[in-house]
Amino acid sequence: MYFEDASRKQLLQICLDENCPVNYKYEAARELQMRQWHDEYLTQLVQLWGKGKSSFEIAVELGIDRSTVKYRLMKHGLYKTRVNQKEGA
């Protein structure tokens, strides 16, 4: 089983299901904990956003949910404010 490919909802279901083995619950909980937002991600988030990466690409690179990336971009006033610069301008 590849816990890193599971969605947040699937990981929560594994943690809460009484029929799942304890080692599966542990791995699911561990994966959820690793996906939490850390303040050191902010610098990387701003850099990747500035390089023109999409919210999906940033989520993959940082290993967090896309919704978390969008939330953080909106929280810091960056989401939908990126300006595409044309060459020669």
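Residues numbered from 1 in each chain as written. Predicted model: local features only at pLDDT ≥ 70, side-chain atom pairs only at ≥ 80, totals over all residues. Heavy atoms only, no water.

*Asks:* Requested: an account of the overall build of the protein chain, with residues and values cited.
*Replies:* Summing up its helical and strand segments, the protein chain has five helices and zero strands in all. Walking the protein chain from its N terminus toward its C terminus, one meets helices and strands in the order α-α-α-α-α. For 89 residues, the compact-globule estimate of 2.2 N^0.38 gives 12 Å, and the C-alpha radius of gyration of the protein chain, at 17 Å, exceeds that figure by more than 25%. Dimensions of the protein chain, computed from C-alpha atoms along their principal axes, come out at roughly 60 × 20 × 20 Å. Taken over 89 residues, the protein chain has a buried fraction of 25%. Element-wise, carbon and sulfur atoms account for 49% of the exposed surface of the protein chain, whose accessible area totals about 7000 Å². (Helix = DSSP H or I, 4+ residues; strand = E, 2+ residues; numbered from the N terminus. Rg over C-alpha atoms; globule rule 2.2 N^0.38 Å. Buried < 20%, exposed > 50% of the residue type's maximum accessible area, 1.4 Å probe, protein only. Areas by Shrake-Rupley, 256 points an atom, 1.4 Å probe, with all protein chains shown as cover.)

*Asks:* Can you lay out the nonpolar core for me, pointing to particular residues and giving the numbers?
*Replies:* In terms of nonpolar packing, the biggest core is built from 11 residues, these being Trp 37, Tyr 41, Leu 45, Leu 48, Trp 49, Ile 58, Ala 59, Leu 62, Ile 64, Val 69 and Leu 73. Secondary-structure elements contributing two or more residues to this core are helix 3 (41-50), helix 4 (55-62) and helix 5 (66-75). Among the elements that take part in this core, helix 3 stands out by supplying four residues, more than any other. Sequence-distant contacts of Leu 45, that is, excluding residues within four places in its chain, are made with Trp 37, Ile 58, Val 69, Arg 72 and Leu 73. Counting seven residues, the second-largest nonpolar core is a separate cluster that includes Ala 6, Ile 14, Cys 20 and Leu 32. (Core = buried A, V, L, I, M, F, W, Y, C linked by side-chain atoms within 4.5 Å. Contact = heavy atoms within 4.5 Å.)

*Asks:* Which residues make up the packing of helix 4 against helix 5, and what are the values?
*Replies:* Remark: helix 4 packs on helix 5, axes separated minimally by 8 Å, with the N-to-C direction vectors making an angle of 115 degrees. The pairing of helix 4 with helix 5 is recorded here as roughly perpendicular in orientation. Helix 4 and helix 5 meet at a crossing whose hand is right-handed. Here Ser 55, Phe 56, Ile 58 and Ala 59 of helix 4 lie close against helix 5, whose contacting residues are Arg 66, Val 69 and Lys 70. When grouped by side-chain class, the residues that make up the contact of helix 4 with helix 5 number four nonpolar, one polar and two charged. (Axes fitted to C-alpha atoms, helices over the stretch in contact; angles between N-to-C directions. Parallel < 35°, antiparallel > 145°, perpendicular 65-115°, else oblique. Left-handed = near helix turned anticlockwise from the far one by under 90°. Nonpolar A, V, L, I, M, F, W, Y, C, P; charged D, E, K, R; others polar.)

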